Amino acid sequence: MTTDPQSPSLALGVIGTGTMGRGIAQIAAAGGIAVRLHDSREGAAAEAVAFVARMLRRAAEKGGMTGAAAEAAIGRLEIVDGLGAMAGADVVVEAIVEELEAKKRLFAELESIVAEGCILASNTSSLSVTAIAADCGRPERVAGWHFFNPVPLLKVVEVVDGLLTAPWVGDVLDGIARRCGHRPVRAKDSPGFLVNHAGRGLGTEGLRIVQEGIAAPGDVDDVLREGGTRFRMGPFELMDTTGLDVSGVVMESIYRQFYEEPRFRPVPLARQRMAAGLYGRKTGRGFYAYEDGRKAAVETVPVPDAAPAPVWVSPADPEGQQAVIAAIADAATVESGASPAPGTLCIVTPTGADATTTALDQGLPAERTVAVDTAFGLAGRRTLMTTPVTGPRWRDLAHALLAADGTPVTAIADSPGFIAQRVIATIVNIGCDIAQQGIATPADIDAAVELGLAYPRGPIAWGDHLGPARVLAILDALHDFYRDPRYRPSPWLIRRARLGVKLATPAR
């Protein structure tokens, strides 16, 4: 037996050779590790080996590895008929059905076969590692080792410590993951582990925005994808891709597992659409319509024709004022002065607050006030919002001016925090609370989200980019407006914002 993850004699057992099991086997064999594969279904392991061999040879054809390296990796794959062949393995990872009792039975049987120093790892995505280990004679050697699909491409793995897992176990799994070319992220056992926990904010806050009538799903996606945040996919595109029958169930499960923590609260809209079978791409209709598996074209809102009028931009936020003036200077007559003259369009740039509150606080005529989100810059898609009494003439003029240079514009109803501010603040807040609970380090939180969810930044990095004090201001404004504990700031965020230090600053 060896606990050296770099040992040339390291042997890995893989039980369950479906999509995840064969993916783990592929990266392990490519990393120079001998792999023993077993599946209770006859012929499944052989199918897996054939598949992995094709993938490795294809990688060689594309220049990802040499032909000799591919053949050597294939030679490290061994099909075994029974669990008894796992006796000499240093680590055994299961990737069987996602059922607690099935995993507990498997580990109980393995304990009578493997050596005392053998690590038992679970690729579970949602079950408690502590619960899986509960009936084991040596629960300290049981850990979570959660890869993501497709394993060879998503190069991140959660190394999860159960309540009784010994520190050395995670260290070994960490080292093996690195040997296989993956970035391990360490997490304590908790609902959703790290990736699914940290990823709650994007979808749930997007759904809340739509449920409240602030914007349509396509508007939310456009703003988050094309605006300054630059997500690869918006929340509704993502839910349509994964399937609401999957993502909706995960939302509800995480919410229940955290004893109805308000930060993770779903909205009725998701359950209604699940009941209607509007799962997304797989059913031909979700938040978008699909034709032959491709998203149908969505009608765009044309830039309105608007009668010209002078523009006054509030100096309350000097940085925001300068950004708006620079964006519209070539198309507008911008007035200076501490207050707007009669007959002018009034533009405000609030952080966290809605247009109504901002107009009232600054003593502006709400019927001529339009708010513009400048928190993430104005280089990409721009967002404007109106008060309930803003006249159409002023809304259309603001839209036309902001779009005059060819930049797309999304107009939304009044909302504290617009779209991007409230979504990013929610993501940051959840990430901060993961750090506060000691589930993972700031670096691992960011790596998990960037690699596992393909976000442009991780939660902690987003917070430091926007500024902890600014994130806190957005959350405070949301909390004051809605009086909803969903938006209460994490202690981790509050303390670092008050101290003026980065969110990545570790606890002492």
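The structure displayed is predicted, hence computed values, not measured ones.

**Student:** I tried to follow the overall build of the protein chain on my own but got confused; where do I start?
**Tutor:** Counting its secondary structure elements, the protein chain contains 20 helices and 16 strands. Considering the protein chain as a whole, with its 508 residues, one finds that 56% of them fall into the buried category. A sequence separation of at least 24 residues applies to 69% of the contacts in the protein chain between residues at least 6 apart. Carbon together with sulfur atoms contributes 53% to the accessible area of the protein chain, which is approximately 20,900 Å² in total. Each charge class in the protein chain can be summarised by its mean position, and for the 50 positive and 58 negative side chains these summaries are 2 Å apart.

**Student:** Which parts of the structure should I look at to understand the nonpolar core?
**Tutor:** Across soluble globular proteins, you tend to see nonpolar side chains buried next to one another. With 77 residues, the main nonpolar core has Leu207 and Ile419 as its most contacted residues. Element by element, the count of residues in this core is highest for helix α16 (residues 420–436), at ten residues. Look past the residues within four positions of Leu207 in its chain and what remains in contact with it is Phe236, Met239, Met251, Val267, Leu269, Ala270 and Phe287. Counting residues in hydrophobic clusters, the runner-up holds 41 residues, among them Leu12, Met20, Ala166 and Val172.

**Student:** Is there a simple way to explain the pairing of strand β6 (residues 142–147) in this structure?
**Tutor:** Along a regular strand, successive side chains alternate from one face of the sheet to the other. Counting buried positions along β6 gives six out of six residues, so the element sits mostly inside the fold. Residues Val142, Gly144 and His146 of β6 are buried on one face, and the alternating residues Ala143, Trp145 and Phe147, pointing to the opposite face, are buried as well. Relative to β6, strand β5 (residues 119–122) is paired through three bridges, and the arrangement is parallel. When the sheet's bridge partners are listed, Ser122 is paired in β6 with Gly144. Relative to strand β7 (residues 156–161), β6 runs antiparallel, the two sharing five bridges. Bridging from a neighbouring strand, Gly144 pairs with Val160 of β7.

**Student:** Can you walk me through the pairing of strand β8 (residues 183–188) in this structure?
**Tutor:** One ladder, built from six bridges, connects β7 with β8; its direction is parallel. Opposite Val160, over in β8, you have Ala187 as the bridge partner. In this view, the connection linking β7 to its parallel neighbour β8 by way of helix α6 (residues 167–179) has right-handed handedness.

**Student:** Sorry, what's going on with the sheet that holds strand β11 (residues 311–313) here?
**Tutor:** Strand pairs in the sheet, formed through backbone hydrogen bonds, run parallel or antiparallel to each other. Strand order in this open sheet of six strands is β12-β11-β13-β14-β15-β16, and the pairing throughout is mixed. Looking at the sheet topology across the chains shown, the edges are occupied by β12 (334–335) and β16 (409–412). Two elements, β11 and β12, share two bridges in a ladder whose sense is parallel. Residue pairing for β12: Val311 is matched across the bridge by Val334. Of the strands in this sheet, β11, β12, β13 (345–348), β14 (369–372) and β15 (382–386) are in contact with helix α13 (residues 318–328), which crosses β11 at around 150 degrees. Taken strand by strand, helix α15 (residues 392–403) contacts β11, β13, β14, β15 and β16, and its axis lies near 170 degrees from that of β15.

**Student:** It is not clear to me how the packing of helix α18 (residues 459–466) against helix α19 (residues 468–482) should be interpreted in this structure. Could you clarify?
**Tutor:** For any two helices packed against each other, one specifies the crossing angle of their axes together with the interaxial distance. Look at α18 against α19: their axes get within 5 Å of each other, and the N-to-C directions meet at 100 degrees. If you check the angle between α18 and α19, you find them roughly perpendicular. Along its contact with α18, which presents Gly463, Asp464 and Leu466, the element α19 presents Pro468, Arg470, Val471 and Ile474. Of the residues that constitute the contact of α18 with α19, the class distribution is four nonpolar, one polar and two charged.

**Student:** Sorry if this is basic, but what is going on with the pattern of salt bridges here?
**Tutor:** Side chains carrying opposite charge are able to pair once their charged atoms draw close together. One pass over the full model with this rule turns up 28 salt bridges. Across the pair Glu237 and Lys295 runs a salt bridge, and its minimum N-O distance is 3.1 Å. Placement of Glu237 in helix α10 (residues 235–242) and of Lys295 in strand β10 (residues 294–295) is noted, with a sequence separation of 58 residues between them. Its salt-bridge partner being Asp405, residue Arg382 comes within 3.1 Å of it at the nearest N-O pair. Here the residue Arg382 occupies a position in strand β15, and Asp405 occupies one in the loop between α15 and β16, the gap between them amounting to 23 residues. The structure contains a network of salt bridges with shared partners spanning Asp222, Arg225, Glu226, Glu237, Lys295 and Arg381.

**Student:** Please explain the sheet that holds β6 as it appears in this structure.
**Tutor:** A sheet is described by the order of its strands in space; here eight strands give the open sequence β3-β2-β1-β4-β5-β6-β7-β8, paired in mixed fashion. If you trace the sheet from one side to the other, it starts and ends with β3 (77–79) and β8, each paired once. When strand polarity is set aside, the average angle formed by the axes of neighbouring strands in this sheet is 25 degrees.

**Student:** Is there a simple way to explain the side chain of Glu237 in this structure?
**Tutor:** Look at Glu237 and you get buried, because its relative accessible area is 12%. Each residue touching Glu237, except ones within four places of it in the same chain, is listed here: Asp221, Arg225, Tyr288 and Lys295.

**Student:** Explain the packing of aromatic side chains here, please?
**Tutor:** For any pair of aromatic rings, the description consists of the separation of the ring centres together with the inter-plane angle of the planes. Counted by the stated rule, this structure contains eight aromatic pairs. On the numbers, 4.9 Å between centres and 45 degrees between planes, the contact of Phe258 with Phe264 is tilted. Residues Phe258 and Phe264 agree in their burial class; the two are buried. Positioned over the ring face of Tyr482 is Arg208, at 4.8 Å from the centre of the ring.

**Student:** In this structure, what is going on with the environment of Arg470? I would like to understand it.
**Tutor:** Within the secondary structure, Arg470 is located in helix α19. For the pair Arg470 and Thr351, spaced 119 residues apart in sequence, the C-alpha separation works out to 7.5 Å. In this structure Arg470 touches Asp317, Thr351 and Ala375, once residues within four positions along its chain are discounted.

Parameters and conventions
- Residues numbered from 1 in each chain as written.
- Predicted model: local features only at pLDDT ≥ 70, side-chain atom pairs only at ≥ 80, totals over all residues.
- Heavy atoms only, no water.
- Helix = DSSP H or I, 4+ residues; strand = E, 2+ residues; numbered from the N terminus.
- Buried < 20%, exposed > 50% of the residue type's maximum accessible area, 1.4 Å probe, protein only.
- Contact = heavy atoms within 4.5 Å.
- Areas by Shrake-Rupley, 256 points an atom, 1.4 Å probe, with all protein chains shown as cover.
- Lys, Arg positive; Asp, Glu negative; His and termini not counted.
- Charge placed at Lys NZ, Arg CZ, Asp CG, Glu CD.
- Core = buried A, V, L, I, M, F, W, Y, C linked by side-chain atoms within 4.5 Å.
- Pairing = 2+ DSSP bridges.
- Right-handed = clockwise from strand over helix to strand, strands pointing away.
- Axes fitted to C-alpha atoms, helices over the stretch in contact; angles between N-to-C directions.
- Parallel < 35°, antiparallel > 145°, perpendicular 65-115°, else oblique.
- Nonpolar A, V, L, I, M, F, W, Y, C, P; charged D, E, K, R; others polar.
- Salt bridge = Lys/Arg side-chain N within 4 Å of Asp/Glu carboxyl O.
- Phe/Tyr/Trp six-rings, centres within 6.5 Å; stacked < 30°, edge-to-face > 60°.
- Lys NZ or Arg CZ within 6 Å of the ring centre and 35° of its normal.

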